[in-house]
Amino acid sequence: MVDLGAGALKRAGVDMGGLQEVWDYIDDKRRRSTTLAAIACQLPPVPFILWGHSLGSVIAFELAAHLPARAAPALLVTSGSPLNLRKVRANPLSGVRGWSILSRAFPWINVYDGFDHIAKYGGLSEAGYGPITDIQVRNGGRFHSGNRYLGHDDVWREMDRQLRR
């Protein structure tokens, strides 16, 4: 699994400062292209699972949208994602206009906690971006924890189901 969670992004030099970091990322085309290039050259051979948490979900989405079909992930998993926030949806993210183009290339699972301040607007499938499987979880007091998001059995069951298709 390719991990674009907080720890992996920090090691790549991307600061995870909350929503301000998301706004800074989507507003800075140079930063986006540098980040995408740095991650793209580290991708393993297919098949792989691409997981992005928080800002990492925005980066994973944009990266997946630009990969050729032969290099696309077998599964995209996003968690604690700000992709449903109006400012993120309004930004074309390096020319990506329609999120539904992704759903034709590979399955997409989005995991969210309704109490998470970053993913508080819920699932992505309701926003009309194609067939995305949303899974709502309860992370307890650590609403935005990437480890908590991936610690739910129903998330792993759905990943297994999607990969067996």
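Here the structure is a predicted model, which is why all the values come from computation and not from measurement.

Thresholds applied
- Residues numbered from 1 in each chain as written.
- Predicted model: local features only at pLDDT ≥ 70, side-chain atom pairs only at ≥ 80, totals over all residues.
- Heavy atoms only, no water.
- Axes fitted to C-alpha atoms, helices over the stretch in contact; angles between N-to-C directions.
- Helix = DSSP H or I, 4+ residues; strand = E, 2+ residues; numbered from the N terminus.
- Parallel < 35°, antiparallel > 145°, perpendicular 65-115°, else oblique.
- Contact = heavy atoms within 4.5 Å.
- Nonpolar A, V, L, I, M, F, W, Y, C, P; charged D, E, K, R; others polar.
- Salt bridge = Lys/Arg side-chain N within 4 Å of Asp/Glu carboxyl O.
- Buried < 20%, exposed > 50% of the residue type's maximum accessible area, 1.4 Å probe, protein only.
- Pairing = 2+ DSSP bridges.

Asks: Describe the packing of helix H2 (residues 19-27) against helix H3 (residues 29-40), listing the residues and the values that go with them.
Replies: For the pair H2 and H3, the least separation of the axes is 5 Å and the interaxial angle reads 95°. Classed by the angle they form, the pair H2 and H3 counts as roughly perpendicular. Touching Glu-21, Asp-24, Tyr-25, Ile-26 and Asp-27 of H2 are Lys-29, Arg-31, Arg-32, Thr-35 and Leu-36, all from H3. Tallied by class, residues from the contact of H2 with H3 come to three nonpolar, one polar and six charged.

Asks: Describe the pattern of salt bridges, naming the residues involved and giving the relevant values.
Replies: Applying the stated criterion across every chain, the model contains five salt bridges. Residue Arg-161 pairs with Glu-158 through a salt bridge whose shortest N-O separation is 2.8 Å. One end of the pair is Arg-161 and the other is Glu-158, both in helix H8 (residues 153-164) and three residues apart, which spans about a single turn. Taking relative accessible area as the criterion, Arg-161 reaches 40% and is therefore assigned partly exposed.

Asks: Describe in detail the pairing of strand E4 (residues 108-112), supporting the description with residues and values.
Replies: Summarising burial for E4: five of the five residues are buried, a large majority. Neither face of E4 is left uncovered, since the one carrying Trp-108, Asn-110 and Tyr-112 and the one carrying Ile-109 and Val-111 both have all their residues buried. One ladder, built from four bridges, connects strand E3 (residues 75-79) with E4; its direction is parallel. By the bridge assignment for E4, Ser-79 is matched with Val-111. Examined bridge by bridge, E4 and strand E5 (residues 133-136) share four bridges and lie parallel to one another.

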